[in-house]
Each structure stands twice: as structure tokens, then as C-alpha cells.
Amino acid sequence: MKRKGNIYGKICTFENCKLAIIKASKNKKYRNDVNCILNNIDNYAMNLSKILKNKTYEPSPYIEKKIYDGANKKERVIYKPKFYPDQCVHWSLMLQIEDILKKGMYDWSCAAIEGRGVHYGARHIRKILVRDRKNTKYCLKLDIKKYYPSINKELLKKKFRRIIKDYDVLELIEKIIDSSEEGLPIRKFYFSMVC
């Protein structure tokens, strides 16, 4: 896969930053802090653009929250970045590199990828089972314990360097990756696409 460059300028544009704020606010419009930013979106988008252009963005500490996930209520610790500027910076970045990341992905990577949710994977499994002459009876379901905290940050950075040649983008990505103590904190989306 050919490495991509000239991305950072697109990340910093006012239009990209405004769209990033809108995307980051999805399902959060009930929150006062989010509404305050949306009511003055042009100023916040301009400020976000300036932060990115001047390279003054520094990740805020994460907000830790326990959730109980799935049917057996497995306890997970989720690390929430602040809405502004952190989640908005993450969206600004992802809006420009998502297509690049998707090109190198396995066709059946699902879940956190738009247009490739649970139903996308289930449709494929149904097709396989219809053509299954051996009458498959069993299914193996796996979960890698502490997967995100065990991710090797240096290997992850190397993966990004293999597909992106824009130094400023790599610097921003590394700043986000290094914003946690070990591995990657479990977040609701973004870097799960790369791992």
C-alpha cells in the first residue's frame, strides 16, 4: 500500500473542524457543555483549527468510567476524553485518515466501522451457513483479556508510519496514542479500526 502524505492541512481546515464538532456531538446533544459549543460552533471550530495549525494541542486527562457490558454484565473501564477539544481533535483526524485506514483492513472487520456493523457480519455468516454442506454445529466466540491495555504502542506507531508519510499527522497520532499510561484506553471508537 502506498504511503499517503499532505493530510495535515486538510485536518486543520475550518470546515473539517466544524464537521468534527458536529460528528463528536452525535448522541451528546443533551449535555450542557456540548450545547454550549454547538450554539457557538463557528468560534469553537475556528479555535480548534488554530490549535491544530499552531500544534498547541495537548490531550486532557481521561475521565474514567465503569460500565457493565453484554449479557453477563462484564465490567469494563472506559476512558472518556473531554468533548472539547479532545474528542473534536480525534474526529478532525479520523475524518481525514479513515478512508486510508479502511483500505488496509480485512474485509470482514466489523463493529466500530461505519457501514460494517453487527448486521454486516451476520449477513456474511448466514451466507456461509447456507452453503455449508458439512452442517456446522459449533461456533467459537473469543475475547482477548485486557486487549487494549496490552497493545504495544511502538508497534502501533510503526503501523501508522507504514501507511502515512505526513510527519505532522504522525506527530498528532503519536500524541494521542501516548496520552495513556499503558496500551490504549478502551474508547468508544477510532483506533479500534487500526488494531
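Note that the structure is predicted; figures quoted are calculated from it, not measured. (Residues numbered from 1 in each chain as written. Predicted model: local features only at pLDDT ≥ 70, side-chain atom pairs only at ≥ 80, totals over all residues. Heavy atoms only, no water.)

1. Remarks on the confidence of the model for the protein
On average, residues of the protein score 86 in pLDDT, and 93% of them reach the 70 mark or higher. Between residues 188-195, whose pLDDT stays under 50, and residues either more than four places distant or in other chains, the model counts 26 contacts. (pLDDT = per-residue confidence, 0-100. Contact = heavy atoms within 4.5 Å.)

2. Looking at a positive patch on the surface
Together, Lys2, Arg3, Lys4, Lys10, Lys103 and Lys165 make up a positively charged patch on the protein surface. Looking at where Lys2 falls in the secondary structure, it is placed in the segment before helix H1 (8-11). (Patch = residues over 30% accessible without salt bridge, like charges linked within 9 Å, V, L, I, M, F, W, Y side chains within 5 Å. Areas by Shrake-Rupley, 256 points an atom, 1.4 Å probe, with all protein chains shown as cover. Salt bridge = Lys/Arg side-chain N within 4 Å of Asp/Glu carboxyl O. Lys, Arg positive; Asp, Glu negative; His and termini not counted. Charge placed at Lys NZ, Arg CZ, Asp CG, Glu CD. Helix = DSSP H or I, 4+ residues; strand = E, 2+ residues; numbered from the N terminus.)

3. Topic: the side chain of Ser60
Note on placement: Ser60 falls in the loop between helix H4 (41-53) and strand E1 (63-69). A polar contact of 2.8 Å, which involves the side chain of Ser60, links it to the side chain of Asp86. (Polar contact = N/O pair within 3.5 Å; in protein donor to acceptor, adjacent residues only side chain to side chain.)

4. Some points on the pairing of E1
Here E1 runs beside strand E2 (residues 74-80); their pairing, made up of seven bridges, is antiparallel. Its bridge partner being in E2, Asp69 is matched across the sheet by Lys74. Between the end of E1 and the start of E2, which pair antiparallel, lie four residues, with Gly70 showing a positive phi angle near 75°. (Pairing = 2+ DSSP bridges.)

5. A short note on the packing of helix H2 (residues 14-24) against helix H5 (residues 83-103)
With their axes 8 Å apart at the nearest point, H2 and H5 run at an angle of 115° to one another. Between H2 and H5, the interaxial angle falls into the category roughly perpendicular. At the point where H2 passes H5, the crossing takes the right-handed sense. In this structure, H2 uses Asn16, Cys17, Leu19, Ala20, Ile21, Lys23 and Ala24 to contact H5, whose residues at the interface are Phe83, Tyr84, Gln87, Cys88, Trp91, Ser92, Leu95 and Gln96. Residue classes in the contact of H2 with H5 are distributed as ten nonpolar, four polar and one charged. (Axes fitted to C-alpha atoms, helices over the stretch in contact; angles between N-to-C directions. Parallel < 35°, antiparallel > 145°, perpendicular 65-115°, else oblique. Left-handed = near helix turned anticlockwise from the far one by under 90°. Nonpolar A, V, L, I, M, F, W, Y, C, P; charged D, E, K, R; others polar.)

6. Details of helix H7 (residues 153-163)
Along H7, the residues classified as buried are Lys153, Leu156, Lys157, Phe160 and Ile163. Buried residues of H7 fall within an arc of 125° about the axis and therefore sit on the same side. In this structure, H7 carries Leu155 and Arg162 as exposed residues pointing more than 90 degrees from its buried face. Elements that come into contact with the buried residues of H7 comprise H5 and helix H8 (167-177). The distance from a side-chain oxygen at the start of H7 to the backbone nitrogen of Glu154 is 2.9 Å, and the residue carrying that oxygen is Asn152. (Buried < 20%, exposed > 50% of the residue type's maximum accessible area, 1.4 Å probe, protein only. Arc of directions from axis to C-beta.)

7. Some points on empty space enclosed by the protein
Applying the stated criterion across every chain yields a total of three cavities of 30 Å³ or more. In this structure, the largest cavity occupies an estimated 70 Å³ of space. What lines the largest cavity is Tyr8, Ile51, Leu52, Lys55, Tyr57, Asp168, Glu171, Leu172 and Lys175. Elements with a contribution of two residues or more to the lining of the largest cavity: H4 and H8. (1 Å grid on protein atoms, 1.4 Å probe; cavity = no way out; pocket = protein on both sides within 12 Å on 5 of 7 lines; lining within 4 Å. Points joined across faces, edges and corners; volume = space filled by probe spheres on them.)

8. Re H8
Those residues of H8 lying buried are Val169, Leu170, Leu172, Ile173, Ile176 and Ile177. All buried residues of H8 lie within an arc of 160° about the axis, which places them on one face of the element. Its buried side turned inward, H8 meets H1, H4, H5 and H7. Near the N-terminus of H8, the side chain that reaches the backbone nitrogen of Asp168, with its oxygen 3.0 Å away, is that of Asp166.

9. A few points about a nonpolar patch on the surface
On the surface, a cluster of nonpolar side chains totalling about 260 Å² of accessible area is made up of Ile125, Ile128 and Leu129. Structurally, Ile128 can be placed in helix H6 (residues 118-130). For Ile128, a relative accessible area of 42% translates into the label partly exposed.

10. Some remarks on the pattern of salt bridges
Throughout the structure, instances matching the rule amount to eight salt bridges. In this structure, Asp42 engages Lys18 in a salt bridge whose closest nitrogen and oxygen atoms are separated by 2.9 Å. In this pair, Asp42 is assigned in helix H4 and Lys18 in helix H2, connecting sequence segments 24 residues apart. Looking at Asp42, the relative accessible area reads 40%, which means it is partly exposed. For Lys18, a relative accessible area of 27% translates into the label partly exposed. Two residues, Lys66 and Glu75, come together in a salt bridge whose shortest N-O distance is 3.8 Å. Exposure remark for Lys66: the relative accessible area of 52% places this residue in the exposed category. One network of salt bridges, in which partners are shared, links Glu154, Lys157 and Asp178.

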